[in-house]
Amino acid sequence: MKKLIEIILSFILCITLVACSYNTPNNESAFAEFINQEFIDEMESDYLTMHTYLENPEDYGVDKTKVEVSLGSRFDEDTLANNKQIVQETYEKFLAFDRDDLTNEEKDIYDTYKYMIELAIEMNDDKYDDVLL
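In this report, the structure presented in the accompanying data block is examined. (Residues numbered from 1 in each chain as written. Predicted model: local features only at pLDDT ≥ 70, side-chain atom pairs only at ≥ 80, totals over all residues. Heavy atoms only, no water.)

1. Describing the overall build of the protein
Thinking step 1. Counting its regular elements, the protein contains six helices and zero strands.
Thinking step 2. Seen in sequence order, the protein has helices and strands lined up from the N terminus as α-α-α-α-α-α.
Thinking step 3. Burial analysis of the protein (133 residues in total) assigns 32% to the buried set.
Thinking step 4. Looking at the protein alone, contacts between residues at least 24 apart form 57% of all its contacts between residues at least 6 apart. (Helix = DSSP H or I, 4+ residues; strand = E, 2+ residues; numbered from the N terminus. Buried < 20%, exposed > 50% of the residue type's maximum accessible area, 1.4 Å probe, protein only. Contact = heavy atoms within 4.5 Å.)

2. Some points on the pattern of salt bridges
Thinking step 1. All chains considered together, the criterion is met by four salt bridges.
Thinking step 2. Residues Asp111 and Arg99 are paired through a salt bridge, measuring 2.6 Å at the closest nitrogen-oxygen approach. A residue pair is termed long-range when its members are at least 10 positions apart, and Asp111 in helix H5 (residues 104-123) and Arg99 in the loop between helix H4 (77-94) and H5 qualify at twelve residues.
Thinking step 3. Since its relative accessible area comes to 33%, Asp111 is described here as partly exposed.
Thinking step 4. Owing to a relative accessible area of 30%, Arg99 belongs among the partly exposed residues under this scheme. (Salt bridge = Lys/Arg side-chain N within 4 Å of Asp/Glu carboxyl O.)

3. Side note on the environment of Glu42
Thinking step 1. Position of Glu42 among the secondary structure elements: in helix H2 (residues 30-44).
Thinking step 2. When the C-alpha atoms of Glu42 and Val62 are compared, they prove to be 9.5 Å apart, with 20 residues separating the residues in sequence.

4. Some thoughts on H4
Thinking step 1. Taking 1.5 Å of rise per residue, the 18 residues of H4 would be expected to cover 26 Å, and the 26 Å separating its terminal C-alpha atoms lies within 8% of that figure.
Thinking step 2. Restricting attention to buried positions, one finds in H4 the residues Leu80, Lys84, Val87, Thr90, Tyr91 and Phe94. What you see down the axis of H4 is that its buried residues fit within an arc of 135°, all on one side. Opposite the packed face of H4, turned more than 90 degrees from it, sit the exposed residues Asp78, Glu92 and Lys93.
Thinking step 3. You can read the cap of H4 off the contacts: a side-chain oxygen lies 3.3 Å from the backbone nitrogen of Asp78, and it is on Asp76. (Expected span 1.5 Å × (residues − 1). Arc of directions from axis to C-beta. Polar contact = N/O pair within 3.5 Å; in protein donor to acceptor, adjacent residues only side chain to side chain.)

5. Topic: the side chain of Lys107
Thinking step 1. For Lys107, the position within the fold is in helix H5.
Thinking step 2. Buried and unpaired, Lys107 has no salt bridge, with Asp100 as the nearest side chain of opposite charge at 5.1 Å.
Thinking step 3. With sequence-adjacent residues up to four places away left out, Lys107 is seen in contact with Arg99, Asp100 and Leu102. (Lys, Arg positive; Asp, Glu negative; His and termini not counted.)

Below, the structure is given as structure tokens:
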């Protein structure tokens, strides 16, 4: 189950990486800013993830000085609870965007992100806690 979560998060990261590449210079939408910030936050949250996906993190707005150099952290009940809260808060922010107001490219990103974050929420169901810990 933990591996499935990693795969889903990796997929979300790939989608957000694509989103980072289509910025409009002076008129970036709030949705694009949200997706870009999600990408940056995810890259800055884990040293291995950052170096797996990015050769030059600074090219994508990632501040390498904010990333703790490690091989990961222990996955325990506190980490699980914190991850659940973060996913729920992110989902609530995401729902503030009206899909109809987005460009066609943003709609594609929206649909993919929505599918992946809803899957992450489903996987955060308490019935899976014993499998993860």
